[in-house]
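# A structural walkthrough
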Amino acid sequence: MDYRVHNSIIELFQGDITKLQVDAIVNAANSRLAGGGGVDGAIHRAGGPAIMDACRKIGGCPTGEAVITTGGNLAAKYVIHTVGPVYSSGSAGVPKLLQNAYANSLNLAEKHGLKSMAFPSISTGVYGYPIEEASKIAIRTVVDHLNGQTILEKVIFVLFSSPDLEVYIKNIQAFL
Ligand code: ADP
């Protein structure tokens, strides 16, 4: 499903982010950039060792920030690794850290002249962020960004499960 935001498109897509042909896919990494399970493991498996070599050279990434590496063997040229917060309810800084993870990934894409990028649902797997809240932060941050100065033509939210996709379809309406 495609949604128009100013001069750009947001697409909601259910599937495997490692298969997408975009300029960059975003990885929900950990702060040591050490690889792991979930989408992180899938990206390193599909992209091959060049991505981990680049991560090792960078060394790490604080929560809420983002770094960029090669896409290795992926169809995507680059991987943007961002680190979402581990969820804890009532912790004031957590929503802002999730917002920063999206915003810093978008800014890094702009800096590298990228026109298309795909996000997984950051922090809503092992890191435990409820998708209902996380999806609103994700959508709001991307919509706000696309309403400003941008060269991004397309931003895709990739949802792994159909219930997650349904949450995004429901929640995007309020931001269009
Ligand atoms: P985090 O540690 O930030 O919570 P996870 O990788 O555990 O990250 O989960 C983030 C989201 O990515 C979850 O919704 C999970 O279902 C999803 N996911 C896992 N593998 C893939 C994949 N190959 N493509 C897209 N999304 C994926």
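Relevant structure appears above.
Described in the following lines is the structure provided in the data block. (Residues numbered from 1 in each chain as written. Predicted model: local features only at pLDDT ≥ 70, side-chain atom pairs only at ≥ 80, totals over all residues. Heavy atoms only, no water.)

## Here's the deal with the side chain of S135
Along the chain, S135 falls in helix α4 (residues 131-146). In contact with S135, not counting residues within four places along its chain, are V167, Y168 and N171. (Helix = DSSP H or I, 4+ residues; strand = E, 2+ residues; numbered from the N terminus. Contact = heavy atoms within 4.5 Å.)

## Let's talk about the pattern of salt bridges
Summed over the entire model, instances satisfying the criterion amount to five salt bridges. With a shortest N-O distance of 3.4 Å, E132 and K136 are connected by a salt bridge. Remark: K136 and E132 occur in helix α4; sequence separation between them is four residues, near one turn of the helix. Residue classification places E132 among the partly exposed residues on the basis of a relative accessible area of 30%. Taking the relative accessible area as the measure of exposure, K136 reaches 37% and is therefore partly exposed. (Salt bridge = Lys/Arg side-chain N within 4 Å of Asp/Glu carboxyl O. Buried < 20%, exposed > 50% of the residue type's maximum accessible area, 1.4 Å probe, protein only.)

## Notes on the sheet that holds strand β4 (residues 66-70)
With mixed pairing, seven strands are arranged side by side in an open sheet as β1-β2-β7-β6-β3-β5-β4. For this open sheet the edge positions go to β1 (2-5) and β4, each flanked by a neighbour on one side alone. Adjacent strand axes in the sheet meet at a mean angle of 25°, parallel and antiparallel pairs treated alike. Here five bridges tie strand β3 (residues 24-28) to strand β5 (residues 78-82), and the two strands are oriented parallel to one another. Looking at β5, one finds that I25 is bridged to V79. The strands touched by helix α5 (residues 162-172) are β1, β2 (8-14) and β7 (154-159); relative to β2, the strand with the most contacts, the crossing angle is about 150°. (Pairing = 2+ DSSP bridges. Axes fitted to C-alpha atoms, helices over the stretch in contact; angles between N-to-C directions.)

## Thoughts on the pairing of β5
Counting buried positions along β5 yields four of five residues, so the element is predominantly enclosed. Examined bridge by bridge, β4 and β5 share five bridges and lie antiparallel to one another. Paired with A66 across the strands is T82, a residue of β5.

## So, the environment of G125
Among the structural elements, G125 can be located in the loop between β6 (116-119) and α4. Put simply, G125 and V86 are 39 residues apart on the chain and 9.7 Å apart in space, counted from C-alpha to C-alpha.

## Some thoughts on the site of the ligand
Taken together, 15 residues lie around the ligand, and D16, V39, S123, G125 and V126 are the ones closest in. Taking D16, its side chain carries an N or O atom lying 2.8 Å from a nitrogen atom of the ligand. In this structure, Y127 approaches the ligand through a main-chain N or O atom, which is 3.0 Å from an oxygen atom. When the free accessible area of the ligand is taken as 570 Å², the share hidden by the protein chains comes to 88%. No other element matches helix α1 (residues 38-47), which puts three residues into the shell around the ligand. Tallied by class, residues from the shell around the ligand come to seven nonpolar, six polar and two charged. (Near = heavy atom within 4 Å. Polar contact = N/O pair within 3.5 Å; in protein donor to acceptor, adjacent residues only side chain to side chain. Areas by Shrake-Rupley, 256 points an atom, 1.4 Å probe, with all protein chains shown as cover. Nonpolar A, V, L, I, M, F, W, Y, C, P; charged D, E, K, R; others polar.)

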